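Report on the structure
Below, each chain spelled out in residue letters.
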Amino acid sequence: MRARKRRGNNGTDYLSDALALLGGWTRDGVQLRRDLACDDSQHAALTERIQVAADTLSIRPSIRRIEGHTQICLGDRDGAALTDRDVTLAARIEDFYRTVLERP
């Protein structure tokens, strides 16, 4: 069972607040999307890291290679609400991306 969005004491959507701190991610209805510029080897390293984290969180992200970019979509396409796990994975992906780009 997936957790639903919760509202804080002041009525704000805490997932939206968390997303505001993640630059580059766009919210498209019930999905989060991010396009990252990277070469093929960086894509492979990034994808491997994402899959390990996603398996731990029981999430199935969509990861595609499109014209020199890696496109990542998080969230269910069936209309289920975004969860804190989706936002957690988005934050981890940002860390993975920085790490992969810094590799010699």
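Everything discussed here concerns the structure shown above.
Below is a summary of the structure that appears in this document. Fair warning: this is a prediction, and the values are worked out from it, not measured in the lab.

Okay, the nonpolar core next. Core analysis: the biggest nonpolar cluster contains 24 residues, and Trp25, Leu32, Leu46, Ile72, Leu74, Leu89 and Ile93 have the highest contact counts within it. Going through the elements one at a time, helix H1 (14-20), strand E2 (31-37), helix H2 (40-57), strand E4 (69-74) and helix H3 (84-102) are the ones with two or more residues in this core. For this core, the leading source of residues is H3, giving seven residues. Those residues in contact with Leu46, other than ones at most four positions away along the chain, are Leu36, Thr70, Ile93, Phe96, Tyr97 and Val100.

Here the structure, examined in full by the defined rule, presents five salt bridges. A salt bridge links Asp55 to Arg60, with the shortest nitrogen-to-oxygen separation between them at 2.7 Å. When its relative accessible area of 45% is taken as the criterion, Asp55 is described as partly exposed.

Across the sheet, which stays open at both edges, the four strands sit in the order E1-E2-E4-E3 with antiparallel pairing between neighbours. The outermost strands of the open sheet, each flanked by one partner alone, are strand E1 (26-28) and strand E3 (62-66). Averaged over all neighbouring strand pairs, the angle between strand axes comes to 25°, with direction disregarded. In the packing of H2 onto the sheet, the strands contacted are E2, E3 and E4, and the crossing angle to E3 comes to about 175°. Along the sheet face, H3 touches E2 and E4 and points at about 5° away from the line of E2.

Criteria and thresholds
- Residues numbered from 1 in each chain as written.
- Predicted model: local features only at pLDDT ≥ 70, side-chain atom pairs only at ≥ 80, totals over all residues.
- Heavy atoms only, no water.
- Core = buried A, V, L, I, M, F, W, Y, C linked by side-chain atoms within 4.5 Å.
- Buried < 20%, exposed > 50% of the residue type's maximum accessible area, 1.4 Å probe, protein only.
- Helix = DSSP H or I, 4+ residues; strand = E, 2+ residues; numbered from the N terminus.
- Contact = heavy atoms within 4.5 Å.
- Salt bridge = Lys/Arg side-chain N within 4 Å of Asp/Glu carboxyl O.
- Pairing = 2+ DSSP bridges.
- Axes fitted to C-alpha atoms, helices over the stretch in contact; angles between N-to-C directions.

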